[in-house]
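What the coordinates show
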Amino acid sequence: MNSVGNYWHDHWKLQLVAGGPNPVASITAHYRLLGAPADAPEAGTSTDFVREPFYGSSWITDSAVSLPQVGVYDVSVDVTDSQGNTEHFPDAGQFTYSAKVHVGALSASRTSVDYDHRVYTLSAAVTVTDPGTGAALDPTGAVVALADPTYNGSTTAKGTVGADGRLSVTVNARGTSQFDQVSSEGSTAAYPYFLDGTPPTGVTVPAVQQQTRVRILSGYDVDVPKGGHTTIRGVLERKSGASWLPASGQKVWYGVGGYSDGTTAPTAADGTFQVVAGTAGFYYFATYWNYDPFLQSTDTNNAPVHVHIPVPTSIPRFTTTEDEFGEALIDGHIYIGGATFARNTASVQIQYSSDNKNWHKVGTTKIGRNDLNDDEFKCYATYGGKSNGYWRAYYPGSPDMQASYSKSVKIWRTPTKVTGGKPDHTTVHRNSVVHFGGHVHQQSTAGAWSPVKYSYAYLLFRPYKSKTWKYVTRVKTDSKGAYHLSGKATGGGTWVVVWYTPDSKHIDSNGPETYVHA
């Protein structure tokens, strides 16, 4: 026999655990007021025990226990098994015969709360009755805790019922409050008590947010000497009526260059904050994280503070390759001292030199286009129709950044040319054969031309009004680089002889495009 006491699900029923080698046939509980003499008459008995419905591991009375008066009772238990054996358990536990507390409709002293008015009073009429007779008891001293489900049902306010029978609780709101749950303490009144299980009519006190703004006090465009720093000063304000007042004890978010990263600065009693800036860039400010629930977040589209600090730059990664068409593919990354450019705004200059001494500007390309990394630039380039030679990138600098050059990179692919390549006739009968002849040559680094031996030359044809070239035939060049090709003119169109590089060391070339009437 153990766990004798009030049933957790219905405080006015008795619960106990009883068992043995034989099934339980009957249970009788005897109640004696706590502190009564041992020979005092019983205050009552219970015999209507049933299995507890939720878990079935204990027994409970089928109906509420009825006793002469509210108070704590000692409980003795007689258990009879299926063989008729009865065992007596004296003073097996205690049962608290509690008064029933009912909390009426809740009311609030404020219809809303805001930044300046967070404290209000909740009140409700409370009645206490004898569970057996229904007679009214004095509610004075009963402690009732109110809970707000907005905050996971945690108890947020507690009060004691006064002599007027009303509960009065002071609430320091954390935002919109919706009180509709209560729990009784049962500790300070002259008698034990529990809530009657009927929830009160709840009350909602909404939170009204005030508009906020971040105002910069130290200027929006700041020049700082190389290697120095500056302090950005501002104030966070809230709008109360028609007035802007300081918002103290808040956190102002700020980030450099964008909104993906950042940190916070606290506001003082007068709403001011300050940020030490030692990196060039645009500083954005807003009440974005950890803000007061009574304040609205400020708009992050506020004008940023532009801090100018000349910092060293470099182009540590610069590569150039040449494709089969003779174009240079340039790819590089620029380092600007830990800061970042706004994407697709700054540019680098691409330069070419045939001798790595005399440099020529080819053009500019943007850094951080949408298809590139923030610090990357990439483009195709030729100078005078060629790319063999030396290439480098030059960043011209700005008020915030120093100028810098990349290393120079040499690239080389062997130039080729197709000579001849014109048809023997430019007007022929339909389905006549057109003949082409010529040579394929390659150029050494010294400038001399030599034949491209035993390599395929191709004949292509593009019909009249078509945009697509069609393969006709191919032939290998001889030891002198000569080729001879022919094709049937099924109609009017353009003919051309082309040579495609079979490796990564030559540049493609082609002869003249000639229209043949058929």
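The structure we're discussing is the one just above.
The text that follows walks through the structure, step by step, so that each part is easy to find. It should be emphasised that the depicted structure is a prediction, and the values quoted were computed from it without experimental measurement.

**Quick word on the overall build of the protein**
On a plain count of helices and strands, the protein comes out with zero helices and 45 strands. The C-alpha radius of gyration computed for the protein amounts to 47 Å, which surpasses the reference 24 Å derived for 518 residues by more than 25%, pointing to a less compact arrangement than a globule. Taken over the C-alpha atoms alone, the protein extends approximately 135 × 70 × 40 Å along its principal axes. When each of the 518 residues of the protein is scored for burial, the buried share is 42%. Partitioning the contacts of the protein with sequence separation of at least 6, the portion at a separation of at least 24 is 60%. About 26500 Å² of surface is accessible on the protein, with carbon and sulfur atoms providing 49% of the total. Charged side chains in the protein number 41 positive and 43 negative. The centres of these two groups are separated by 26 Å.

**Structural notes on unusual backbone geometry**
Only a minority of non-glycine residues have a phi that is not negative, and only a minority of peptide bonds are not trans. Although it is not a glycine, Asn344 sits at a positive phi angle of roughly 60°. Position of Asn344 among the secondary structure elements: in the loop between β30 (328–335) and β31 (347–353). Overall, the relative accessible area of 35% leaves Asn344 in the partly exposed class.

**As for the sheet that holds strand β33 (residues 376–381)**
Pairing in this open sheet of three strands is antiparallel, and the strands run β29-β30-β33 from one edge to the other. The sheet is open, and its two edges are formed by β29 (314–322) and β33, each paired on a single side. Taken over all neighbouring pairs, the strand axes of this sheet differ in orientation by 15° on average, direction set aside. In the sheet, β29 pairs with β30 via seven bridges, with the strands oriented antiparallel. When the bridges of β30 are listed, Thr321 appears paired with Leu329.

**Points about the pairing of strand β23 (residues 243–246)**
Pairing geometry for strand β22 (residues 230–240) and β23, over four bridges, is antiparallel. By the bridge assignment, Lys239 is partnered in β23 with Trp244. Where β22 folds back onto β23 in an antiparallel hairpin, the turn is made up of two residues, including Gly241, whose phi is positive at roughly 65°.

**Focus on the pattern of salt bridges**
Following the criterion strictly, the structure yields eight salt bridges and no others. Note that Asp292 is salt-bridged to Arg118, the shortest N-O span being 2.7 Å. With Asp292 in the loop between β27 (281–286) and β28 (305–308) and Arg118 in the loop between β10 (107–108) and β11 (119–129), the pair connects residues that are 174 residues apart, well separated along the chain. On the basis of relative accessible area, Asp292 is assigned to the buried category, the value being 10%. Given a relative accessible area of 23%, Arg118 falls into the partly exposed group. With a closest N to O distance of 2.2 Å, Asp374 and Arg343 form a salt bridge. Of this pair, Asp374 sits in the loop between β32 (360–366) and β33 while Arg343 sits in the loop between β30 and β31, placing them 31 residues apart in sequence. Residue classification places Asp374 among the partly exposed positions, given a relative accessible area of 39%. According to the relative accessible area criterion, Arg343 is partly exposed, its value standing at 34%. Salt bridges here are not isolated pairs; linked through shared partners, they connect Arg32, Asp74 and Asp91.

Conventions used here
Residues numbered from 1 in each chain as written. Predicted model: local features only at pLDDT ≥ 70, side-chain atom pairs only at ≥ 80, totals over all residues. Heavy atoms only, no water. Helix = DSSP H or I, 4+ residues; strand = E, 2+ residues; numbered from the N terminus. Rg over C-alpha atoms; globule rule 2.2 N^0.38 Å. Buried < 20%, exposed > 50% of the residue type's maximum accessible area, 1.4 Å probe, protein only. Contact = heavy atoms within 4.5 Å. Areas by Shrake-Rupley, 256 points an atom, 1.4 Å probe, with all protein chains shown as cover. Lys, Arg positive; Asp, Glu negative; His and termini not counted. Charge placed at Lys NZ, Arg CZ, Asp CG, Glu CD. Pairing = 2+ DSSP bridges. Axes fitted to C-alpha atoms, helices over the stretch in contact; angles between N-to-C directions. Salt bridge = Lys/Arg side-chain N within 4 Å of Asp/Glu carboxyl O.

In short, shape yes, function no, at least from these values alone.
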